[in-house]
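# A structural walkthrough
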Amino acid sequence: MNKHICTRWAFDLGKWTPTLAQLSKAVAVIQIEERQRLMKFHFIDDFLSSLIGRLLMRKYVSGCSHEDYQQVQFKRDARGKPYWLPKCNKGDGDDEGEGEGGVTTQNEGWKQKKSKSMLSFNVSHQGKLVVLAGIARSDPTCLGEEGGDEFGIGVDVMKISYDGGRPLKDFFRLMKSKFSTQEWSFIGAQSSDRGQLKAFMRHWCLKEAYVKELGVGITIDLEKISFNVDASHTLEESSSPLQGTILHCDDTLMTNWRFEEHLLDEDYCAAIAFRNCLPVDQEKFTWLHFNDLIPPDGRGDAIGSVNGDILEYCKQALLKPYKKS
């Protein structure tokens, strides 16, 4: 299994109160269809989480591909998963005609193949945290290298909390069909409610990361997806990442998958699923700040040359309510 370069980024929304200038500069660099999607959120929390996720993707793709940050374009595949739409150089693919928005429709399949042969990335957010995990070939100029399997990555982050209003054991009873006997055995073996909840969220996070890479969502029989989590160490910030977790599907060991588990802080765990690839390192998530996510000329609190439509859009966004904590 080939080893590739892995990126792991996290952003704490709890440490960022966006100004109108910051929000305007962030919105100005994303695609129009992304702005339309964002404005559909009722709560500002969801708006900002999704916005930061898009900025993380843009920064990641720009850094890997060396495309200009503001020129990076994304599309969604048939599963709804975003992918990078690389620029088409002269002589690339079938260069006949352009479709809506100047996109060469005959090249789209080629561009998607090129994108997915070079890198894969995924974003997740819950509560105050937004995370990105990405994997890229160590030689980005190598397209479809001999022996280079298609590869992919999925990531999920979960808050280790439960506020369902009923005892934890009743919640577990409702979720019984989502976990295998072996998984419930590990969860139940923990000595406290907090320990059992943490074990539950670890498993749920792994399942989410796995199905996100598959692109099927939590719609498959999760009881047949059974994780044997790495128990060599307790999952703590200091021991992250744990990389010994294995997966069985229908009792078959999935040898083309690898997993990482992270504790980002005492209240949040994350999992990364690697398909047909291995990370070259064993690094923790790197914490980023807003100024890390936008080009240098967009930093600072001056409104600058942001156009009036974007300013009005951002003013409306800032009127959205926060969720009740």
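Residues numbered from 1 in each chain as written. Predicted model: local features only at pLDDT ≥ 70, side-chain atom pairs only at ≥ 80, totals over all residues. Heavy atoms only, no water.

### Focus: the layout of surface pockets
- By volume, the second largest pocket amounts to about 700 Å³.
- In this structure, the second largest pocket is lined by 19 residues; those nearest its centre are Asp 45, Gly 127, Lys 128, Lys 159 and Lys 323.
- Mapped by element, the contributors of at least two residues to the lining of the second largest pocket are helix 3 (44–65) and strand 4 (119–126).
- At 4 residues, helix 3 tops the list of elements feeding residues into the lining of the second largest pocket.
- Of the residues that constitute the lining of the second largest pocket, the class distribution is 4 nonpolar, 8 polar and 7 charged. (1 Å grid on protein atoms, 1.4 Å probe; cavity = no way out; pocket = protein on both sides within 12 Å on 5 of 7 lines; lining within 4 Å. Points joined across faces, edges and corners; volume = space filled by probe spheres on them. Helix = DSSP H or I, 4+ residues; strand = E, 2+ residues; numbered from the N terminus. Nonpolar A, V, L, I, M, F, W, Y, C, P; charged D, E, K, R; others polar.)

### Things to note about the pattern of salt bridges
- Considering all chains together, one arrives at 14 salt bridges under this definition.
- Residues Asp 265 and Lys 128 are paired through a salt bridge, measuring 3.7 Å at the closest nitrogen-oxygen approach. You can see Asp 265 sitting in strand 10 (residues 257–265) and its partner Lys 128 sitting in the loop between strand 4 and strand 5 (129–136), a full 137 residues away along the chain.
- You can call Lys 128 partly exposed: its relative accessible area is 32%.
- Here Arg 173 and Asp 170 are joined by a salt bridge, their closest N and O atoms 2.7 Å apart. (Salt bridge = Lys/Arg side-chain N within 4 Å of Asp/Glu carboxyl O. Buried < 20%, exposed > 50% of the residue type's maximum accessible area, 1.4 Å probe, protein only.)

### A closer look at the confidence of the model for the chain
- Overall, the predicted model of the chain reaches an average pLDDT of 86, with 83% of residues at or above 70.
- Confidence scores differ between elements of the chain, with helix 4 (residues 108–118) showing the lowest mean pLDDT of 59 and strand 13 (residues 286–288) the highest of 98.
- Low pLDDT (under 50) marks residues 93–106, which in the prediction has 19 contacts with non-local residues, meaning those over four places away or in another chain. (pLDDT = per-residue confidence, 0-100. Contact = heavy atoms within 4.5 Å.)

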